[in-house]
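Overview (structure and organization)
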Amino acid sequence: MMLNEAESSGDEGQTGGQRFQHPEDPEILGMEIPDDAGPHREALIEILSRIPPHWGRWIDCEAGWYHLIIELHEHLLDLDPNYVVQQIKQKYGALRYYAGSSISDPVVQERFSALVDVAERFSKSVCEVCGEQARLSVSDDPEPAYKTICADCAAASAAAGGRRYRPYVTPPR
Ligand SMILES: [Zn+2]
């Protein structure tokens, strides 16, 4: 975890030109703003700023879901302007938005959870890559990866030598 001081002390000259950053630079707060954020950049910074700095401020999913995340964020803001984000990632092909309300009112808590649930379920119909309509899919790897991906993006992944996805079908009982 800690930088090895003996190792890093010798080559300060190499990075010297890039080390001075504006104090307001979000990077200094440990944020990893996605390179592909595009028009969503400001909104994603606002969301990342809600993650406590030591928790790791990044979004672990592809750009097709950014609009989903931002829409959910706006609904949560209406409910609780001070809500906190813990982690945002893809798991088993679905969005996971870990967040907590600062308001202890059980009605607010319930509504907060319901909003997150709806967005997470909805993510399983939105291509994580491009944001178009998609299906939960599974790769043909020995250890299959799940991803909600549209036919075009799945074809592009296979053509580029990446994972090969096919729509996931619930196994019969
Ligand atoms: Zn797609």
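Described below are features of the structure shown in this document. (Residues numbered from 1 in each chain as written. Predicted model: local features only at pLDDT ≥ 70, side-chain atom pairs only at ≥ 80, totals over all residues.)

1. A word on the overall build of the protein chain
A tally of regular secondary structure across the protein chain gives 6 helices and 6 strands. Written out in order from the N terminus, the α and β elements of the protein chain read α-α-α-β-α-β-β-α-β-β-α-β. Every one of the 173 residues in the protein chain was classed for burial, and the buried ones make up 22%. Here the analysis covers contacts within the protein chain between residues at least 6 apart in sequence; of these, 52% occur between residues at least 24 apart. (Helix = DSSP H or I, 4+ residues; strand = E, 2+ residues; numbered from the N terminus. Buried ≥ 20, exposed ≤ 12 C-beta atoms within 10 Å, placed from the backbone. Contact = placed C-beta atoms within 7 Å.)

2. Comments concerning the pairing of strand β3 (residues 94-100)
As judged from the 7 bridges shared by strand β2 (residues 84-91) and β3, these two strands associate in the antiparallel manner. Bridging across to β3, Gln90 finds its partner in Leu95. Linking two consecutive strands that pair antiparallel, namely β2 and β3, is a turn of 2 residues; a positive phi of about 50° is found at Tyr92 within it. (Pairing = 2+ DSSP bridges.)

3. Remarks on the environment of Val108
Assignment of secondary structure puts Val108 in helix α5 (residues 106-123). When the 15 C-beta atoms within 10 Å are taken as the criterion, Val108 is described as partly exposed. Placed 32 residues apart in sequence, Val108 and Leu76 show a C-alpha to C-alpha distance of 10.0 Å. Apart from the residues within four sequence positions on either side, Val108 is in contact with Leu79, Asp80, Ser101 and Ile103.

4. What about the sheet that holds strand β6 (residues 165-167)?
Strand order in this open sheet of 3 strands is β5-β4-β6, and the pairing throughout is antiparallel. Strands with a single pairing partner mark the edges of an open sheet, and in this sheet they are β5 (146-149) and β6. Taken pair by pair, the neighbouring strands of this sheet meet at an average axis angle of 45°, ignoring direction. One ladder, built from 4 bridges, connects strand β4 (residues 135-139) with β5; its direction is antiparallel. In the strand pairing of β5, Arg135 is matched with Ile149. (Axes fitted to C-alpha atoms, helices over the stretch in contact; angles between N-to-C directions.)

5. Things to note about the environment of Arg96
Note on placement: Arg96 falls in strand β3. Placed 27 residues apart in sequence, Arg96 and Ser123 show a C-alpha to C-alpha distance of 9.2 Å. With near-sequence residues (within four places) excluded, Arg96 lies in contact with Lys89, Lys91 and Glu120.

6. What about the nonpolar core?
In this structure, Ile69, Tyr97, Cys127 and Ile149 are the most contacted members of the largest nonpolar core, which totals 28 residues. Taken together, the elements giving at least two residues each to this core come down to α3 (41-48), α4 (66-79), β2, β3, α5 and α6 (151-159). Residues lining this core come from more than one domain, with at least three contributed by each of domain 1 (31-123) and domain 2 (127-173). (Core = buried A, V, L, I, M, F, W, Y, C linked by C-beta atoms within 7 Å. Domains from an automatic or database assignment.)

7. Comments concerning unusual backbone geometry
Of note, Tyr92 is a non-glycine position whose phi angle comes to about 50°, a positive value. By secondary structure assignment, the location of Tyr92 is in the loop between β2 and β3.

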